[in-house]
Amino acid sequence: MTDSTRRERLADRLGEGPATASELADELDTPVSTIYTDIQHVARSTRYAEQREFLVAPPECVNCGFSGYDDPINYPSRCPECRSENIEEAVFKIDAE
């Protein structure tokens, strides 16, 4: 699989099971910020793929449980409800329909 691009490897990995951006960054030896950019691209391209669906469990505040972030493909610095910085990362997955 050495000829595949980083985004193709990312999409393949998400097809194997759920993962956070930090986990993907470690596995693909890529900065987390790059992973978020790649995830946005993979999410858009998956929309047009038959038999595949991009799923996101949004980030969630550990203190108050808030998970209604405007952009679930992002890592917020703090909770808009309680201002806590203790936020669990979003979890991403590509499912076969």
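Treat the numbers as computed from the prediction; the structure is a model and nothing was measured. (Residues numbered from 1 in each chain as written. Predicted model: local features only at pLDDT ≥ 70, side-chain atom pairs only at ≥ 80, totals over all residues. Heavy atoms only, no water.)

Quick notes on the environment of Ser84
Stage number 1. Structurally, Ser84 is set in the loop between strand 2 (60–61) and strand 3 (87–88).
Stage number 2. Relative accessible area serves as the criterion here: at 9%, Ser84 is assigned to the buried category.
Stage number 3. For Ser84, the residues in contact, after removing those within four places along its chain, are Cys61, Asn63, Ser77, Arg78 and Cys79. (Helix = DSSP H or I, 4+ residues; strand = E, 2+ residues; numbered from the N terminus. Buried < 20%, exposed > 50% of the residue type's maximum accessible area, 1.4 Å probe, protein only. Contact = heavy atoms within 4.5 Å.)

Comments concerning the pattern of salt bridges
Stage number 1. Summed over the entire model, instances satisfying the criterion amount to five salt bridges.
Stage number 2. The shortest N-O distance in the salt bridge between Asp38 and Arg7 comes to 2.9 Å. With Asp38 in helix 3 (residues 32–47) and Arg7 in helix 1 (residues 6–16), the pair connects residues that are 31 residues apart, well separated along the chain.
Stage number 3. Classification of Asp38 by relative accessible area gives buried; the value is 2%.
Stage number 4. Of the residues examined, Arg7 reaches a relative accessible area of 29% and is grouped as partly exposed.
Stage number 5. Measuring nitrogen to oxygen at the nearest pair gives 2.8 Å for the salt bridge that ties Arg78 to Glu85.
Stage number 6. The class for Glu85 is exposed, based on a relative accessible area of 53%.
Stage number 7. Three or more residues are tied together by salt bridges with common partners; here these are Arg6, Arg7 and Asp38. (Salt bridge = Lys/Arg side-chain N within 4 Å of Asp/Glu carboxyl O.)

Re the confidence of the model for the protein chain
Stage number 1. In this model, the protein chain carries a mean pLDDT of 90, and residues with pLDDT of at least 70 account for 97%.
Stage number 2. Highest mean pLDDT in the protein chain belongs to helix 2 (residues 21–28) (95); lowest belongs to strand 1 (residues 52–57) (90). (pLDDT = per-residue confidence, 0-100.)

Quick word on the packing of helix 1 against helix 3
Packed helices, taken two at a time, are described by their axes: the angle between them and the distance between them.
Stage number 1. Between helix 1 and helix 3, the shortest axis-to-axis distance is 10 Å and the interhelical angle comes to 75 degrees. What the angle tells us is that helix 1 and helix 3 run roughly perpendicular. The residues of helix 3 that touch helix 1, namely those facing Arg6, Arg7, Leu10 and Ala11, are Thr34, Ile35, Thr37, Asp38, Ile39, His41 and Val42.
Stage number 2. Looking at the contact of helix 1 with helix 3 residue by residue, the classes come out as five nonpolar, three polar and three charged. (Axes fitted to C-alpha atoms, helices over the stretch in contact; angles between N-to-C directions. Parallel < 35°, antiparallel > 145°, perpendicular 65-115°, else oblique. Nonpolar A, V, L, I, M, F, W, Y, C, P; charged D, E, K, R; others polar.)

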